[in-house]
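# Geometric and topological summary
Given next are the chains, with one letter for each unit.
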Amino acid sequence: MQVPLLDLTQQYSQFKDELLPDLASLCASQQFILGPKVAELEEKIAAYCGAAGALGVSSGSDALIVALMAEGIGQGDEVVTSSYTFFATAGAIARVGARPVFVDIDPRTFNLDVNKLEAALTPRTKAIIPVHLFGQPADLDPILKLAETRNLIVIEDACQAIGAEYKGKRVGALGDYGCLSFFPSKNLGAFGDAGMVLCRDQAKVERLRILRNHGMFPQYRHQIVGGNFRLDALQAVVLLHKLPLLDGWSSARQANFTFYNERLANTDGLITPWIAPETTRHIGNQYVIRLANGKRDKVMAYLKANGIGCAIYYPIALHCQECFQYLGYRPEDLPESLKAASETLALPVYPELTAEQKEYVASTLLQSLKQA
Ligand SMILES: *Cc1c(COP(=O)(O)O)cnc(C)c1O
């Protein structure tokens, strides 16, 4: 049996017949940049996430960059984030000229450890970027509270967490900004790169709108320097067709997540993902286990040899990346991130997995542990 880590072809067949005529009419119009479909998507995603406003952008990475730019964050500023996340979170901070400051993770959730946050703040800190990793919200209340007392901006990296809920509220609309990615492997994926910035305050959307188009307002006048962060109309058409199906897909991921958690419970040397009590909806973007004592590489090879796709998210903690050596961290400074990078393994959790495939993944994994 073959079980890929992700298979988007089955999903495509669910909306292809309705989508293709809409793509054809957009092609006939030749109106590819922004336009009514992008505006419609912004409205619908804002409503879906409970945000005051939203702005479609070129990717999740650009969403982070433009949110930082909108707050004038750059040279001389520090931005605090998690040391265990996809590179783009910290890359965005460095790209605007600010200094990334890393906080270690809570080993149970892989999200920023709020108990270590305050110690990372300095008078130069301007913003905090909590990441909702693998589809589970970071512990936002203490973060928002600290940000309020210190007058800091909170930019939620919700790139893996559209629709996830923290104490009953959707993430992305709880901080000043929320960044979404529609990279194809996310729960809501485009046919290429796309992203969105959510805002708690509608007024912030207007500044983002100007920055998205080279800082131009009105036509050919530039009071600020922006960039080309525009969202393609073609991607908006695709996403508008997929959005009504998103909750069904996220529920199917949750069900797969629960299946694995039960099937793999109480296994020696294996830690299943933990769902925090504050998480009222985990969208299951990734199902990530931990394998202790150097077993991971053997297990991974065994799974792959048996036709099962799996991957390491993420093999190198950000404070250990070459490009961040100038920050002066030693690997052991953030021990939980370091440990996670050596233990994590993501299994297939996509919505269309069959019961047989899930059982095959779980039983093959248990078998591999006996041999590892
Ligand atoms: C995917 C992702 C991003 C970047 O999104 P892109 O659309 O690929 O640019 C940023 N942060 C996290 C946590 C992500 O998973």
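Anyway, here's the lowdown on the structure attached to this text. Predicted, not measured: the structure shown is a model, and the values here were computed from it.

### Topic: the site of the ligand
Around the ligand sit 15 residues in total, of which G60, S61, Q160, S181 and K186 are the nearest. Contact between the ligand and G60: an oxygen atom at 2.8 Å from a main-chain N or O atom of the residue. In this structure, S61 approaches the ligand through a side-chain N or O atom, which is 2.5 Å from an oxygen atom. Contact with the protein chains hides 93% of the accessible area of the ligand, taken as 380 Å² for the molecule alone. In this structure, the ligand is accommodated by the largest pocket.

### Some details on the packing of helix α1 (residues 9-29) against helix α7 (residues 233-242)
Following both chains from N to C, one finds α1 and α7 inclined at 145°, their axes separated by 9 Å at the closest point. Between α1 and α7 the crossing geometry is right-handed. Seen from α1, the contacting residues are Q11, F15, E18, L19, D22, L23, L26 and C27; seen from α7, they are A233, L234, V237, V238, H241 and K242. Class assignment of the residues belonging to the contact of α1 with α7 gives a composition of nine nonpolar, two polar and three charged.

### So, the pattern of salt bridges
For the coordinates displayed, the defined rule picks out 19 salt bridges. As a salt-bridge pair, R209 and E206 come within 3.0 Å of each other at their nearest N and O atoms. Residue R209 and its partner E206 are both found in helix α6 (residues 202-212); the two are separated by three residues, about one turn of the helix. Owing to a relative accessible area of 35%, E206 belongs among the partly exposed residues under this scheme. With a shortest N-O distance of 2.8 Å, R290 and E343 are connected by a salt bridge. Here R290 is found in strand β12 (residues 287-291), whereas its partner E343 is found in helix α10 (residues 335-343), with 53 residues between them in sequence.

### Thoughts on α6
All of the buried residues in α6 are V205, L208, L211 and R212. Angular distribution of buried residues about the axis of α6 spans 120°; they occupy a single face of the element. Its buried side turned inward, α6 meets α2 (36-49), β1 (53-57), α3 (60-70), β8 (177-181) and β9 (195-199). If you check the start of α6, you find a side-chain oxygen 3.0 Å away from the backbone N of A203, and it comes from D201. One or two steps after α6, the chain reaches H214, where phi turns positive at roughly 65°.

### Quick look at the packing of aromatic side chains
For the structure on display, the rule yields 16 aromatic pairs. With centroids separated by 5.7 Å and ring planes inclined at 65°, the aromatic side chains of F102 and F324 adopt a geometry described as edge-to-face. With a gap of 222 residues between them, F102 in strand β3 (residues 99-103) and F324 in the loop between α9 (296-305) and α10 connect regions that are remote in the sequence. By relative accessible area, which is 2% here, F324 ends up buried. Here F257 and Y287 contribute two aromatic rings whose centre-to-centre distance is 5.0 Å and whose plane-to-plane angle is 85°, an arrangement assigned as edge-to-face. Here Y287 lies in strand β12 and F257 lies in helix α8 (residues 246-263), a separation of 30 residues in the sequence. What makes Y287 buried here is its relative accessible area of 0%. Taken together, the ring pairs in this structure connect Y84, F86, F110, F134, Y313 and Y314 into an aromatic cluster. Here the guanidinium or amino end of R170 rests over the ring plane of Y48, the centre of that ring lying 4.5 Å away.

### Concerning the sheet that holds β12
The strand order β10-β12-β13 describes an open sheet built from three strands, whose pairing is antiparallel. The sheet terminates laterally at β10 (270-271) and β13 (344-347), the two strands that pair on one side only. Of the pairings in the sheet, the one linking β12 to β13 comprises four bridges and is antiparallel in character. The partner of I289 across the bridge, within β13, is L345.

### Side note on the sheet that holds strand β7 (residues 169-170)
Picture the strands of a sheet paired through backbone hydrogen bonds; they go either parallel or antiparallel. Strand order in the open sheet made by the three strands is β7-β6-β11, with antiparallel pairing throughout. Each edge of the sheet is formed by a strand with only one pairing partner; in this case those strands are β7 and β11 (279-281). Direction of pairing for strand β6 (residues 165-166) relative to β7: antiparallel, over a ladder of two bridges. By the bridge assignment, Y166 is partnered in β7 with K169.

### A word on unusual backbone geometry
Cis rather than trans, the peptide bond between F217 and P218 has omega equal to -10°. By secondary structure assignment, the location of P218 is in the loop between α6 and α7. Going from Y313 to Y314, the amide bond is cis rather than trans, its omega being 5°. Inspection of the secondary structure assignment puts Y314 in the loop between α9 and α10. One non-glycine residue with positive phi stands out, namely F134, at about 65°. As for its placement among the helices and strands, F134 is situated in the loop between β4 (125-129) and α5 (140-150). In the Ramachandran plot, K167 falls in the positive-phi region, its phi being about 45° despite a non-glycine side chain. Looking at where K167 falls in the secondary structure, it is placed in the loop between β6 and β7.

What counts, and at which threshold
- Residues numbered from 1 in each chain as written.
- Predicted model: local features only at pLDDT ≥ 70, side-chain atom pairs only at ≥ 80, totals over all residues.
- Heavy atoms only, no water.
- Near = heavy atom within 4 Å.
- Polar contact = N/O pair within 3.5 Å; in protein donor to acceptor, adjacent residues only side chain to side chain.
- Areas by Shrake-Rupley, 256 points an atom, 1.4 Å probe, with all protein chains shown as cover.
- 1 Å grid on protein atoms, 1.4 Å probe; cavity = no way out; pocket = protein on both sides within 12 Å on 5 of 7 lines; lining within 4 Å.
- Sits in = over half its atoms within 2 Å of the grid points.
- Axes fitted to C-alpha atoms, helices over the stretch in contact; angles between N-to-C directions.
- Helix = DSSP H or I, 4+ residues; strand = E, 2+ residues; numbered from the N terminus.
- Left-handed = near helix turned anticlockwise from the far one by under 90°.
- Contact = heavy atoms within 4.5 Å.
- Nonpolar A, V, L, I, M, F, W, Y, C, P; charged D, E, K, R; others polar.
- Salt bridge = Lys/Arg side-chain N within 4 Å of Asp/Glu carboxyl O.
- Buried < 20%, exposed > 50% of the residue type's maximum accessible area, 1.4 Å probe, protein only.
- Arc of directions from axis to C-beta.
- Phe/Tyr/Trp six-rings, centres within 6.5 Å; stacked < 30°, edge-to-face > 60°.
- Lys NZ or Arg CZ within 6 Å of the ring centre and 35° of its normal.
- Pairing = 2+ DSSP bridges.

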